[in-house]
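One letter stands for each residue in the lines below.
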Amino acid sequence: MKTMSFTQFKCLIFLVGLGSSCFCVGESKSKWISLSPQVTELFFQLGLQENLGATTSGSHYPEAAKELKIIGQWLQPNLETILFNHPIGVVWDENSFQSPLEKQFHQLGIETLLIPLNSVQGLFDSSRILLKKFQQPENHPTLLRAEKSLKENALASQTFTFLALAWMDPPILFGKNTFFYDLITRVGGEGVLPSGWNSPFLKVSEEWLMAQSPQRVVFLSHNKRSTQLLKEKCLKWWPTKKDLCQSLPAEKFARASFTPIVHISELAKIRDRRDE
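The structure reproduced in this document is the subject of the present report. Residue numbers restart at each chain and count upward from 1, following the sequence in its written direction. For this predicted model, a pLDDT threshold of at least 70 governs which residues receive local features, and a threshold of 80 or more governs which side-chain atom pairs are given and counted, while totals over whole chains, interfaces and linings are taken from all residues. Remark: hydrogens and water are excluded; side-chain values derive from all non-hydrogen atoms of the structure.

**Remarks on the environment of arginine 255**
1) Next: Among the structural elements, arginine 255 can be located in the loop between α10 (250-253) and α11 (258-262).
2) Next: Looking at arginine 255, the relative accessible area reads 13%, which means it is buried.
3) Next: The spacing of arginine 255 and valine 39 is 216 residues in sequence and 9.9 Å in space, taken between C-alpha atoms. Helix and strand assignments come from DSSP, with helices taken as H or I runs of at least 4 residues and strands as E runs of at least 2, each series counted from the N terminus. Relative accessibility decides the category of a residue: with a 1.4 Å probe and only protein chains considered, values under 20% of the type maximum give buried, values over 50% give exposed, and everything between is partly exposed.

**What to know about the packing of aromatic side chains**
For any two aromatic rings, the description comes down to two numbers: the centre-to-centre distance and the angle of the planes.
1) Next: Stacked, tilted and edge-to-face pairs are distinguished by plane angle, under 30 degrees for stacked and over 60 for edge-to-face with tilted covering the rest, among Phe, Tyr and Trp rings (Trp via its six-membered ring) whose centres lie within 6.5 Å. The tally for this structure, following the rule as stated, stands at twelve aromatic pairs.
2) Next: With a centroid separation of 5.9 Å and an interplanar angle of 50 degrees, the aromatic rings of tryptophan 92 and phenylalanine 105 are classed as tilted. Pair noted here: tryptophan 92 is in strand β6 (residues 89-92) and phenylalanine 105 is in helix α4 (residues 99-107), with a separation of 13 residues, a long-range link.
3) Next: Ring plane angle 85 degrees and centroid distance 5.8 Å describe the contact between tryptophan 237 and tryptophan 238, whose orientation is recorded as edge-to-face.
4) Next: Residue tryptophan 238 is classed as buried on the basis of its relative accessible area, which comes to 4%.
5) Next: Arginine 216 extends its terminal NZ or CZ atom over the ring of phenylalanine 160, reaching a point 5.8 Å from the ring centre.
6) Next: Stacked on the ring of tyrosine 61, the Lys or Arg arginine 255 has its end atom at 3.6 Å from the ring centre. Here, over-ring charges are defined by two tests on the NZ atom of lysine or the CZ atom of arginine: distance to the ring centre within 6 Å, and angle to the ring normal within 35 degrees.

**Regarding the nonpolar core**
1) Next: We call a set of buried Ala, Val, Leu, Ile, Met, Phe, Trp, Tyr and Cys residues a nonpolar core when their side-chain atoms join them within 4.5 Å. The biggest cluster of nonpolar side chains holds 61 residues, and the ones touching the most others in it are Leu130, Leu173, Phe180, Trp238, Phe258 and Ile261.
2) Next: Ranked by residue count, the leading element in this core is strand β8 (residues 160-168), at six residues.
3) Next: When neighbours within four sequence positions are excluded, phenylalanine 180 is seen to be in contact with Ala164, Phe174, Val218, Leu220, Leu248 and Phe253.
4) Next: Ile33, Ile71, Leu83 and Val90 belong to the second largest nonpolar core, which has 13 residues in total. What makes two residues a contact is simply this: any of their non-hydrogen atoms within 4.5 Å.

The values are spatial; any link to function lies outside them.
See below:
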C-alpha cells in the first residue's frame, strides 16, 4: 500500500472541503499575499514589493500595485485563488483580518502576519515589523522622512475640537479607532465623540450633528462635487459658523500609510487657520 505524505494529506483534506479542487500547499511556495490595499501600499513604500505576489481588489496605490495579481475582493478574499498562488504567507491589518480564515491558513501550513494600521504608532510599529521580517534596515528613509514631518507638525497638547466626516449622506464619522482620527489628534485635535463611541465608523443623525459645537469639521473630498456637497451640508448643520468645514484630498489622506504623514502640513494649516 502506498504511503501518503503529509503534504498529500493536506491536499486530500482540501479536496474534501471544496468538493472540486485540490492544491498541494507547501510544495513550491513563492511569495507573500497582501489581504489589504493599505498593506499593499505599505510594502511599496518600504521597498518590499518584490516579496508580494498578489493582493486584493482596491489596491490602487502606487500605480505599480495595479500590476499585482488579484486574489479576490477586499474583505472577501478567494481562498481557492490564494492557494493556487502557493503563498509563503499572507499579511493583513485589523480591518481585513478574519479569524476563521486564519485558522484555515494555519491548517494548510501558510504563515500569517497581522499588522496594526489603525493608528500612527501602529503604522511605524508595523513598518519595523515588516522591515525586520524581510531583513531590511529599520532606519528606512521612508520612516525617517515621516518621523521628521510628524515632528515638525505635531503638538503635544490639544488646541481644537473636531469631528471627522467619512461620508455626508447619511452622515458617517471617522471613529476613534481609525488612522485618520488618530492623525488629527497628533496635530492637536480633540474629538468630540462620546467616550463609549469606539467603533471605527459611526453613523449619526443630522440632529446629533447640529447639537455639536466642534471648532473644526474635516472631510475627505474625492472630487469637486463632494466638496460642494460638504459646503451645502455644513450650512444646513451649522448655519452660523462660516468655514467650519474644511476638506482634504482623499487621495492623500484616506489610507493608513505614510502618504498622509508626508502631507500632514495640510492638516496643520486647517488647525492653524483663524476662526471668524
